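Structural features, examined
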Amino acid sequence: MRTTLKYFAILASTAGAALISASCASDGPATAPATTDIAVAQTKLKDLHDKYDWIGQYHTDGLAYVYSQLTKDNGKPKSRADICKIAAKATKEFHLMARKGSVPAGLVDPSLNNEVCPDDFGSTRKTVILSGTNRSPRSELSSEAMNLMDQIVNIANSSTSRYAYVAGVENVEAQAVYLPPDEAGAVIAVGSVALSSVDYWEANLSNWISIPTSRPAAYSLTALNMSGAIVSSVAAPSFAPRFGPWWSSPFGRVLAADAMAALRTAYISWMLGPVGVDACVANALWASTAAALSLLF
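Residues numbered from 1 in each chain as written. Predicted model: local features only at pLDDT ≥ 70, side-chain atom pairs only at ≥ 80, totals over all residues. Heavy atoms only, no water.

1. Considering helix α9 (residues 250-269)
- Over its 20 residues, α9 extends 28 Å from the first C-alpha to the last, a length consistent with the 28 Å expected when each residue adds 1.5 Å.
- Buried residues dominate α9, accounting for 18 of its 20 residues. (Helix = DSSP H or I, 4+ residues; strand = E, 2+ residues; numbered from the N terminus. Expected span 1.5 Å × (residues − 1). Buried < 20%, exposed > 50% of the residue type's maximum accessible area, 1.4 Å probe, protein only.)

2. Thoughts on the environment of Ser 192
- In this structure, Ser 192 sits in helix α8 (residues 181-208).
- Spatially, the C-alpha atoms of Ser 192 and Ile 55 are 6.2 Å apart, while their sequence positions differ by 137 residues.

3. Section: the state of the cysteines
- What the rule picks out here adds up to one disulfide.
- What pairs with Cys 84 in a disulfide is Cys 117, and their sulfur atoms sit 2.0 Å apart. Around the S-S axis, the bridge from Cys 84 to Cys 117 shows a dihedral of about 100 degrees and counts as right-handed. Of the two residues, Cys 84 sits in helix α4 (residues 80-99) while Cys 117 sits in the loop between α5 (110-114) and α6 (143-158), which places them 33 residues apart along the sequence. This pair shows no difference in class: Cys 84 is buried, exactly as Cys 117 is. (Disulfide = S-S within 2.5 Å.)

The following block contains the structure:
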């Protein structure tokens, strides 16, 4: 669980800013924000994390499972079509194991159902974001909820450090407590994917881009893969943010794809209930996988 005292500080700061604004609009003295109000908000945030933080763990565990399937066969090189087929099949297998049911076929990118590369796989944009889904809600989320989720995606696109990224997402999550519970859950879900992604990809993206392919990798490293076989290729800079400007690197684009896929699926399906949640987590996992693998081609 990620909820700690830092959220109390965020909530107190938010309440304090609102208080200062109100005080400046009147001649009366400022009054300290009610401790009980902050405590209530903190409790709501903790409850939301208790209910939805499993989504970030699903994302991390799912990526680990997909990677394990991609690195079988003793490092035998695979074509782009083979890689997409294995990854899509593994995504569906993991979802079945983790959620005890199949991926909601009508609510995710068609490429996942068909076990093929997404339409923009390997493009110069290097983003894979629900290419087959229109941005129209099945059941409406409020503009306030959409604005908070959009902020998370914007943070993924614009942050210039890990600290700014994490602090920005956590600040948005703290604001979600003022939404109705279901809508707040959608914001926390997108935040959970965003925060799990930065931890996972910082540690593991170098391994993913070293998966042997049947053609030269556009971005690659000399590294050990999970099977212990040496993969030799042209050296390239690491994508972890500690090695350089992550906002202009493939690392940042993978993070943005993760957050955007979670947002778009939440937008069209979240209010459908459990099936919408399943669609959200499965599609975010698939987009995350495809965005990373597109760097190989």
